[in-house]
Each structure stands twice: as structure tokens, then as C-alpha cells.
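Summary of structural features
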Amino acid sequence: MQSDGVPIRHNVVLIKPFNMLCVIDRIWHHKIGSETVPPETAHQLADDHVVLSVLTRADADSFFALHTAPSPHNSWASGFILQNDTPDLAAQRTVEAFDLIWTIRLASCPERIIGDCSLRRAESDIPAFAYTLFPEQWLETVIISAYLLVSAIARNTLHAQAISYTARKNDVQALRFAEILGFQYLTQSSSTLTMLKQLE
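Described below are features of the structure shown in this document.

All right, on to helix α6 (residues 172-181) then. Within the span of α6, buried status applies to Gln173, Ala174, Phe177, Ala178 and Leu181. Angularly, the buried residues of α6 cover 140° about the axis, an arc narrow enough to put them on a single face. Along α6, exposed side chains directed more than 90 degrees from the buried face belong to Val172 and Glu179. Once α6 ends, the next one or two residues include glycine 182, with phi positive near 85°.

This is the structure we're talking about:
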């Protein structure tokens with residue numbers, strides 16, 4: 001969590017999404033098509049620390065609360081929620097903007113959404129990773145676990161050679177996360193750093 005208590009969202013990249021929230025559970029099949037990994041492999045990912053579940057209509061209220069929290073820890077989501085947005089509209093727009101997006105839940109409390117993470121491939125074929133967490137839920141183990149699960153999909157199913165990640169220059173936790181995982185400096189803007197990690 002940043003010193004100002006703001007929720008945490010960070011960036012890493014992937015593919016173009018489906019545009020119907022009611023059938024979001026089919027996104028993986030729609031995007032990957034004939035790949036050998038079955039749809040359920042991407043629909044839910046888990047390890048001893050976290051459970052990642054593809055964002056669905058049932059999650060819209062929790063997702064909206066995450067991105068309208070007074071101080072969420074995030075990177076990509078700044079200004080993402082529009083005036084007069086509804087939970088359904090915000091979630092729908094997210095599904096359309098990101099290739100794959102999962103809710104993050106603790107393995108010890110899988111019914112409660114504490115954040116989200118995503119993959120997106122925009123101008124580049126390199127998948128970019130992003131995440132958001134409620135500020136009180138910031139734990140290195142949580143976001144590292146989420147990244148490792150998502151990067152395995154990028155590597156093994158999308159056959160990506162690398163993954164990118166963008167963080168604000170003043171976000172100490174985001175930069176620490178990147179350092180731990182071995183991201184290397186790629187480029188920067190006035191306020192952000194973009195880093196790259198080769199996938200082995």
C-alpha cells in the first residue's frame with residue numbers, strides 16, 4: 001500500500017476481449033480457440049495463497065466497489081470509472097478493454113473479492129500485467145502469487161516470450177514487486193516506469 005493509503009493497481013499485457021459480460025465465462029474459449037488448454041484452466045487459477053476467478057456479472061458490484069474505493073492501490077484504473085457509471089457498465093467496459101481479467105480472492109476466504117488482475121495486449125504482442133487491490137489487502141505474497149499464475153497462462157498457452165509491467169515512479173510497493181520478480185527497465189514517461197521480464 002502506498003503511503004497515502006491509495007489502492008494498488010499495476011500494469012503487465014495480452015488479447016482482445018468479448019463484449020458480453022453475460023458470457024464472460026466463454027472469453028477464454030473465444031480468444032484462444034483451438035489452443036490445447038481447456039477453458040476452465042483460465043477461468044479459475046489457484047495456489048496456496050490466492051484464487052483467481054474470471055470476472056463475471058455476479059462480481060460487478062464488488063468490482064465497482066474496488067475501483068471506487070477512496071484510496072485503491074492501482075495503476076491502470078485511474079479515471080477508469082466514469083461519472084454516472086453503474087457496476088454493470090463499468091465491468092462491461094473493463095471486459096472490452098482487457099484481454100483477460102480475474103478477480104483476486106484469498107485462498108483462505110474465496111468468497112470475498114480483494115482485488116483484480118489482468119492481461120492485455122494493446123499496441124504490442126507482449127502481454128502486459130496489471131492489478132488492483134484494496135489498500136488494506138496489500139500483501140506481497142498475494143500479488144506475487146497472482147502474477148505467477150497469470151504469467152504461466154501467458155507463457156504456456158499464449159506462447160508469450162516476455163511480459164511487461166508499468167508502475168508509477170512514486171509507488172514503492174509496485175517497484176518492489178517488480179524488483180523481486182526480476183523485471184528490467186524498458187522505458188519511462190514523466191510519471192511511470194515500464195519494465196519487461198522474459199518468460200522462461
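Following the structure, the description resumes.
With that settled, the discussion passes to the pairing of strand β9 (residues 184-188). Note that β9 and strand β10 (residues 192-198) share four bridges and pair antiparallel. Within β10, the residue paired with tyrosine 185 across the bridge is methionine 195. Where β9 folds back onto β10 in an antiparallel hairpin, the turn is made up of three residues.

A separate point is the nonpolar core. The biggest cluster of nonpolar side chains holds 35 residues, and the ones touching the most others in it are Leu52, Ile104, Phe129, Tyr131 and Tyr165. Of all the secondary structure elements, the ones that give two or more residues to this core are β3 (50-54), β5 (100-106), β6 (109-120), β7 (128-133), α5 (140-156), β8 (162-168), α6 and β10. If you tally residues by element for this core, the top one is α5, at nine residues. If you look at the next biggest cluster of nonpolar residues, it comprises six residues, including Leu55, Phe63, Ala91 and Ile101.

Reading the values: rules and limits
Residue positions are counted from 1 within each chain, in the order its sequence is given. Given that this is a predicted model, residues contribute local features only at a pLDDT of at least 70 and side-chain atom pairs are listed and counted only at 80 or more, while totals for whole chains, interfaces and linings are drawn from all residues. For side-chain calculations, the full set of non-hydrogen atoms in the structure is used, while hydrogens and water are omitted. Relative accessibility under 20% of the residue-type maximum defines a buried residue, over 50% an exposed one, and the middle range a partly exposed one, all with a 1.4 Å probe and only protein chains included. Secondary structure elements are defined from DSSP: runs of H or I of at least 4 residues count as helices, runs of E of at least 2 residues count as strands, and each element is numbered from the N terminus. Each C-beta atom gives one direction from the helix axis, and the arc is the one those directions make. We call two strands paired when DSSP finds no fewer than two bridges between them. Only buried residues count toward a nonpolar core. Its members are Ala, Val, Leu, Ile, Met, Phe, Trp, Tyr and Cys residues joined through side-chain atoms within 4.5 Å.

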